[in-house]
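# Understanding the architecture of this molecule
For reference, the chains in residue letters:
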Amino acid sequence: MDQPKYKHLDAILGGLLLVGMILALYMAFIGAPRERTMGDLQRIFYFHVPSGMMGLAAFAVNFFASLMYLIKKDRKWDSLALSATEVGLMFLTIVLVTGPIWAKPAWFVWWTWSPRLTSSLVLWILYLAYMLVRNYVPDPDRRAVMSAVFGIVAFVDAPIVFFSIRWWRDNHPSAMIETGDLDPLMRPAFYTCIAVFLILLVYLMRRRYFLESARLEAERLERLVDLAR
Amino acid sequence: MGTVNTMNYLFAAYTAIWIILAVYLFSIRAREKKLREELDNLRQLIERQPANRR
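The shown structure was predicted, so the numbers you read here are calculated from the model rather than taken from an experiment.

So, on to the overall build of chain B. Scanning chain B for helices and strands turns up one helix and zero strands. Expressed as a percentage of its 54 residues, the buried residues of chain B come to 9%.

Here it is as structure tokens:
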């Protein structure tokens with residue numbers, strides 16, 4: 001939380017994020033052309049897809065940090081895993097809320113149990129369960145080990161989410177960058193939004209990580225106070 | 001797809017994104033504030049304790 005030596009980095013990230021968000025909104029609403037079939041509705045794409053990408057990236061960080069915790073038994077890896085999960089859940093919530101809002105006028109249904117949508121919902125539930133499990137294990141070391149194992153197992157669903165539109169027939173659009181279906185005029189807006197969401201991911205994860213570090217410090221001080229009584 | 005109708009959906013989607021982001025940022029901020037107060041209290045408690053009891 002109070003990390004004076006990183007204050008400059010936080011200020012730089014915050015400034016970049018503010019300018020970047022304004023630029024991303026400009027690119028999504030004005031810079032990118034109007035799509036032929038869906039019209040302006042397609043502009044949801046510029047925030048919906050990067051949110052999904054950052055959610056998966058955050059869960060990959062959780063997977064790596066969980067592995068590192070089991071190897072090193074250092075609490076900072078557990079703090080990183082927790083921070084990544086919470087931020088990843090926030091991004092996936094954006095995906096699961098904006099997806100149905102986009103689906104209703106495009107597919108005429110709010111939700112369909114297609115592989116991409118179902119696996120994304122399962123991923124969200126798995127990491128929500130991860131957060132709940134943490135609250136029910138009082139011992140910090142046991143909690144960290146259980147969470148690390150849970151995080152590693154939960155990540156099995158992430159590749160399924162990623163590859164679902166490549167492996168199975170799905171209502172959900174294909175990976176447009178890979179297939180070349182994304183109009184070259186739309187690419188600058190899309191790449192700008194990815195870059196801005198990446199900054200947002202780093203910014204939020206840092207804040208959440210420092211918050212967790214401060215919580216651990218409070219736990220340590222509480223033990224000191226209890227010992228002295 | 002009616003333009004006015006789809007514009008409502010576009011507006012709803014971006015509103016939802018900003019609400020989710022704002023709620024999350026405020027929740028982090030609130031937790032930071034609470035924890036900062038808790039840390040200050042704990043540090044004061046430790047400082048007030050006699051050195052031999054620490």
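There's more to say after this.
Quick look at the confidence of the model for chain B now. For chain B, mean pLDDT is 87; residues scoring 70 or higher make up 83% of the total. Quick note on the complex model: pTM equals 0.91, ipTM equals 0.89.

Let us look at the interface of chain A and chain B. Reports often express the size of an interface as the amount of accessible area lost when the parts come together. Chain A puts 29 residues into the contact, and the matching count from chain B is 28 residues. Those elements that provide at least two residues to the side of chain A that touches chain B are α3 (75-107) and α8 (187-228) of chain A. Per-element accounting of the side of chain A that touches chain B gives the leading share, 12 residues, to α8 of chain A. In terms of residue class, the side of chain A that touches chain B is made up of 18 nonpolar, three polar and eight charged.

Next up on the list: the nonpolar core. Counting 60 residues, the largest nonpolar core has Ala58, Cys193 and Leu201 of chain A as its most contacted members. Those elements that place two or more of their residues in this core are α1 (7-31), α2 (45-72), α3, α4 (115-135), α5 (140-154), α6 (157-167) and α8 of chain A together with α1 (3-48) of chain B. Here this core takes 15 residues from α3 of chain A, the largest share from any one element. Excluding residues that lie within four positions of it along the chain, Ala58 of chain A makes contacts with Ala84, Val87, Gly88, Phe91 and Leu201 of chain A.

It is worth spelling out the packing of α3 of chain A against α8 of chain A at this point. The packing of two helices is summarised by the inter-axis angle and the distance between the axes. Residue and element names in this part refer to chain A. Packing of α3 against α8 leaves a shortest axis separation of 8 Å and a crossing angle of 135 degrees. Put simply, α3 runs oblique to α8. For α3 against α8, the interelement crossing comes out right-handed. Residue-level inspection shows Arg75, Ser79, Leu80, Leu82, Ser83, Ala84, Glu86 and Val87 of α3 in contact with α8, the latter providing Leu201, Leu204, Met205, Arg208, Tyr209, Glu212, Ser213 and Leu216.

It is worth spelling out unusual backbone geometry at this point. Residue and element names in this part refer to chain A. Even without being glycine, Lys73 reaches a positive phi, approximately 55 degrees. By the secondary structure assignment, Lys73 is in the loop between α2 and α3. Notably, Phe108 is not glycine yet its phi reads approximately 70 degrees, a positive angle. Looking at the secondary structure, you find Phe108 in the loop between α3 and α4. The exposure class assigned to Phe108 is exposed, which follows from the 8 C-beta atoms found within 10 Å.

Here we come to the packing of α4 of chain A against α6 of chain A. All names here are of chain A. For the pair α4 and α6, the least separation of the axes is 8 Å and the interaxial angle reads 160 degrees. When the axis of α4 is compared with that of α6, the two are roughly antiparallel. Here the hand of the crossing between α4 and α6 comes out left-handed. Residues Pro115, Arg116, Ser119, Ser120, Val122, Leu123 and Leu126 of α4 form the contact with α6, whose participating residues are Asp157, Ala158, Ile160, Val161, Ser164 and Ile165. When its residues are assigned to classes, the contact of α4 with α6 shows eight nonpolar, three polar and two charged.

Definitions and limits used
- Residues numbered from 1 in each chain as written.
- Chains lettered and ligands numbered in written order.
- Predicted model: local features only at pLDDT ≥ 70, side-chain atom pairs only at ≥ 80, totals over all residues.
- Helix = DSSP H or I, 4+ residues; strand = E, 2+ residues; numbered from the N terminus.
- Buried ≥ 20, exposed ≤ 12 C-beta atoms within 10 Å, placed from the backbone.
- pLDDT = per-residue confidence, 0-100.
- Contact = placed C-beta atoms within 7 Å.
- Nonpolar A, V, L, I, M, F, W, Y, C, P; charged D, E, K, R; others polar.
- Core = buried A, V, L, I, M, F, W, Y, C linked by C-beta atoms within 7 Å.
- Axes fitted to C-alpha atoms, helices over the stretch in contact; angles between N-to-C directions.
- Parallel < 35°, antiparallel > 145°, perpendicular 65-115°, else oblique.
- Left-handed = near helix turned anticlockwise from the far one by under 90°.

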